[in-house]
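Now for the letters of each chain:
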Amino acid sequence: MPDEKRYTDSGIEIKTVYTGEDWQNTPPLEAPGQAYFTRGIQPDMYRGKLWTMRQYAGFSTAEESNKRYHYLLSQGVNGLSVAFDLPTQIGYDSDHELAEGEVGKVGVAIDSIEDIKILFDGIQLQNITTSMTINATGFILLSFYVALAKQQGADLKKISGTIQNDILKEYAARGTYIYPPKPSMRIITDIFEWCSKELPKWNTISISGYHIREAGSTAVQEIAFTLSNGKAYVKAALEKGLDINVFGKRLSFFFNAHNNLFEEVAKFRAARRMWARIMQSLGATEPKAQMLRFHTQTGGSTLTAQQPLNNISRVTIQSLAAVLGGTQSLHTNGYDEALSLPTEEAARIALRTQQIVAYESGIVDTVDPLAGSFFIENLTNEVEMTTWKLMEEIEAMGGSIAAIENGFMQNEIARSAYEYQRKVEAGEKIIVGVNKFQSNDASQIPVFKIDDSIRNMQVEKLQQLKSKRDNIKVESCLDALKDKAVTNQNIMPAVIESVENKCTLGEVADVLRKVFGEY
């Protein structure tokens with residue numbers, strides 16, 4: 001009886017065995033640290049420096065999140081990663097009627113400079129890197145961060161970190177946008193321009209495939225849509241007259257790591273190779289402007305509420321994929337995240353998973369240890385070829401923005417998500433503990449809950465802020481911001497001055513709502 005055909009999750013056929021013939025037409029691999037960076041962006045990779053171990057955290061109030069950050073730093077985290085609640089993500093203060101029921105729930109509530117001070121109390125911003133998962137209001141949160149750094153007496157030339165700042169994937173997959181695409185792209189290029197002069201070590205965008213994958217895409221769709229979005233940002237910056245060899249060095253990416261170990265490794269290797277070629281085609285001549293540097297988070301959508309301790313094994317496989325694929329930064333999910341925000345214990349186990357991979361597995365001892373595998377090299381090529389075909393479709397439509405506006409990306413993601421779920425429900429795709437190897441044992445996993453009274457506390461803080469600040473100065477700052485937005489000047493200096501004078505996130509966002517409208 002012939003063996004049935006097998007495929008990766010992206011539909012790439014997997015042969016029973018691979019030999020040297022499967023690698024015959026592949027050009028010799030370049031050395032690590034050399035274009036096209038298939039084998040990694042550093043010549044010595046993790047022998048020189050381990051990836052940054054981050055734990056994505058933020059919940060309730062700034063006070064509570066600050067306690068978690070100090071705990072994580074004490075446990076060996078060397079980079080903070082901030083989660084914001086939904087009102088903060090879409091530009092509403094905690095006292096807005098649309099914020100009711102959401103304050104502090106999926107991240108920390110940040111309304112003003114006062115909240116940022118509390119969030120990073122006892123933490124010197126010049127001594128850490130901070131990643132902020134924020135998009136539509138990324139420019140405001142960056143302004144809060146810069147204002148606090150200045151208050152701490154930090155040298156802005158030494159401040160390092162990342163704002164996600166990727167609005168295109170919000171339109172395609174996630175939904176936390178505020179303004180229409182064109183003004184949103186203008187804000188992003190304003191950030192590129194300002195940071196290149198004032199905050200040179202800051203990663204001005206983390207072009208995100210993570211949420212595209214979470215919405216149900218395949219691995220191939222994840223990198224095709226992400227690299228297409230990246231290309232759109234680069235073209236927008238070039239149209240603004242920015243130097244690709246300057247801003248190109250501060251672009252970073254954010255990818256998902258799922259359970260299909262070899263496809264994920266091939267995905268990361270192919271993405272690096274493709275981005276280098278894309279940047280060269282757009283005029284980048286400096287190697288650092290061609291490098292695809294990326295953060296990875298393990299797959300939230302892969303976690304199951306059934307038998308949640310199984311998620312520790314899933315996260316371990318995903319961590320291996322990220323490291324074998326050459327990530328620069330990694331967040332590992334808590335095993336309980338299909339049930340609630342992670343408890344302190346779950347966050348600690350997630351961090352320990354990274355540390356065990358780093359210090360006990362031996363996979364960091366040599367660069368790109370899977371290189372030369374007939375299977376891995378063939379699969380890297382297959383992923384690349386399949387991705388180019390999809391990107392060519394997007395290019396023929398006029399690029400990412402057109403593909404989003406006509407619903408192409410959204411429909412492709414929805415189709416893949418539907419097909420995946422169909423396979424799970426039909427038993428064609430096995431999910432351990434869900435559609436096979438089930439157990440009737442009731443889970444005793446403790447659940448982390450956020451009290452609804454958090455909103456009352458935030459509203460009270462807002463009232464105190466507004467009663468004590470110089471409200472004439474506030475109005476003056478907001479008027480200046482409006483003028484900059486209307487006259488197409490760079491808005492970043494005006495936003496920073498506004499938050500320094502205690503304008504709230506919602507007030508800044510609302511000024512631009514009046515100028516740009518809502519999408």
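None of the values given here were measured: they were computed from a predicted structure.

Caption draft 1: Here's a closer look at helix H17 (residues 454-468). Relative to the 21 Å expected for 15 residues at 1.5 Å per residue, H17 spans 22 Å between its end C-alpha atoms, a close match to the ideal helical length. Listing the buried residues of H17 in full gives Ile454, Arg455, Gln458, Val459, Leu462 and Leu465. Axial view of H17: buried residues confined to an arc of 130°, hence all on one face. Residues of H17 that are exposed and point over 90 degrees away from its buried face: Asn456, Gln463, Ser467 and Lys468.

Caption draft 2: Summary view of the environment of Phe37. Inspection of the secondary structure assignment puts Phe37 in the loop between strand S2 (13-14) and strand S3 (52-57). Sequence separation between Phe37 and Ala270 is 233 residues, and the spatial gap between their C-alpha atoms is 9.2 Å. Once you skip the residues sitting within four places of it in the chain, Phe37 turns out to touch Glu30, Arg272, Ala276, Pro287, Gln290 and Met291.

Caption draft 3: Quick look at the packing of aromatic side chains. Following the criterion strictly, the structure yields 18 aromatic pairs and no others. Pairing Tyr171 with Tyr177 gives two aromatic rings, centres 5.0 Å apart and planes at 35°, and the pair type is tilted. Using a relative accessible area of 8% as the deciding quantity, one classes Tyr171 as buried. Assessed through its relative accessible area of 27%, Tyr177 is described here as partly exposed. Between the aromatic rings of Phe253 and Trp275, the centroid separation amounts to 4.8 Å while the plane-to-plane angle is 70°, which identifies the pairing as edge-to-face. With a gap of 22 residues between them, Phe253 in strand S9 (residues 251-257) and Trp275 in helix H10 (residues 261-281) connect regions that are remote in the sequence. Taken as a pair, Phe253 and Trp275 share a single burial class, namely buried.

Caption draft 4: A look at the sheet that holds strand S10 (residues 294-298). On the basis of which strands lie adjacent, the open sheet formed by nine strands has the order S7-S6-S5-S4-S3-S11-S10-S9-S8 and parallel pairing. One side of each edge strand has no neighbouring strand; the edge strands of this open sheet are strand S7 (202-203) and strand S8 (205-208). Pairing between S9 and S10: five bridges, direction parallel. Paired with Phe254 across the bridge in S10 is His295.

Caption draft 5: Examining the pairing of S10 more closely. Burial of S10 is extensive: five of the five residues sit out of reach of the surface. The two faces of S10 match: Phe294, Thr296 and Thr298 on one face and His295 and Gln297 on the other face are all buried. Taken together, S10, helix H12 (residues 310-324) and strand S11 (residues 329-331) constitute a β-α-β crossover, and its handedness is right-handed.

Caption draft 6: Spotlight on the packing of helix H1 (residues 62-74) against helix H13 (residues 344-360). Between H1 and H13, the least distance of the axes is 11 Å, while the angle of their chain directions is 35°. Once H1 is placed against H13, the crossing between them reads as right-handed. For the pair formed by H1 and H13, the contact residues are Arg68, Tyr71 and Leu72 on the first element and Glu344, Ala347, Arg348 and Leu351 on the second. Grouping the constituent residues of the contact of H1 with H13 by class yields four nonpolar, no polar and three charged.

Caption draft 7: Quick peek at unusual backbone geometry. Here the amide bond leading from Ala35 into Tyr36 is cis, since omega sits at 15°, within 30 degrees of zero. For Gln307, which is not a glycine, the phi torsion comes out positive at approximately 45°. Topologically, Gln307 is positioned in the loop between S10 and H12. Residue Asp368 is not a glycine yet carries a positive backbone phi of 45°. Topologically, Asp368 is positioned in the loop between H13 and helix H14 (374-397). Overall, the relative accessible area of 7% leaves Asp368 in the buried class.

Caption draft 8: View of the packing of helix H4 (residues 138-151) against helix H20 (residues 505-516). Two elements in contact, H4 and H20, have axes separated by 10 Å at closest approach and are oriented at 140°. Relative to H20, H4 is oriented oblique. By crossing handedness, the relation of H4 to H20 is classed as right-handed. For the pair H4 and H20, contact is made by Phe139, Ile140, Leu141 and Phe144 and by Leu505, Val508, Ala509 and Leu512, respectively. Within the contact of H4 with H20, the residues separate by chemical class into eight nonpolar, no polar and no charged.

Analysis parameters
- Residues numbered from 1 in each chain as written.
- Predicted model: local features only at pLDDT ≥ 70, side-chain atom pairs only at ≥ 80, totals over all residues.
- Heavy atoms only, no water.
- Helix = DSSP H or I, 4+ residues; strand = E, 2+ residues; numbered from the N terminus.
- Expected span 1.5 Å × (residues − 1).
- Buried < 20%, exposed > 50% of the residue type's maximum accessible area, 1.4 Å probe, protein only.
- Arc of directions from axis to C-beta.
- Contact = heavy atoms within 4.5 Å.
- Phe/Tyr/Trp six-rings, centres within 6.5 Å; stacked < 30°, edge-to-face > 60°.
- Pairing = 2+ DSSP bridges.
- Right-handed = clockwise from strand over helix to strand, strands pointing away.
- Axes fitted to C-alpha atoms, helices over the stretch in contact; angles between N-to-C directions.
- Left-handed = near helix turned anticlockwise from the far one by under 90°.
- Nonpolar A, V, L, I, M, F, W, Y, C, P; charged D, E, K, R; others polar.
- Parallel < 35°, antiparallel > 145°, perpendicular 65-115°, else oblique.

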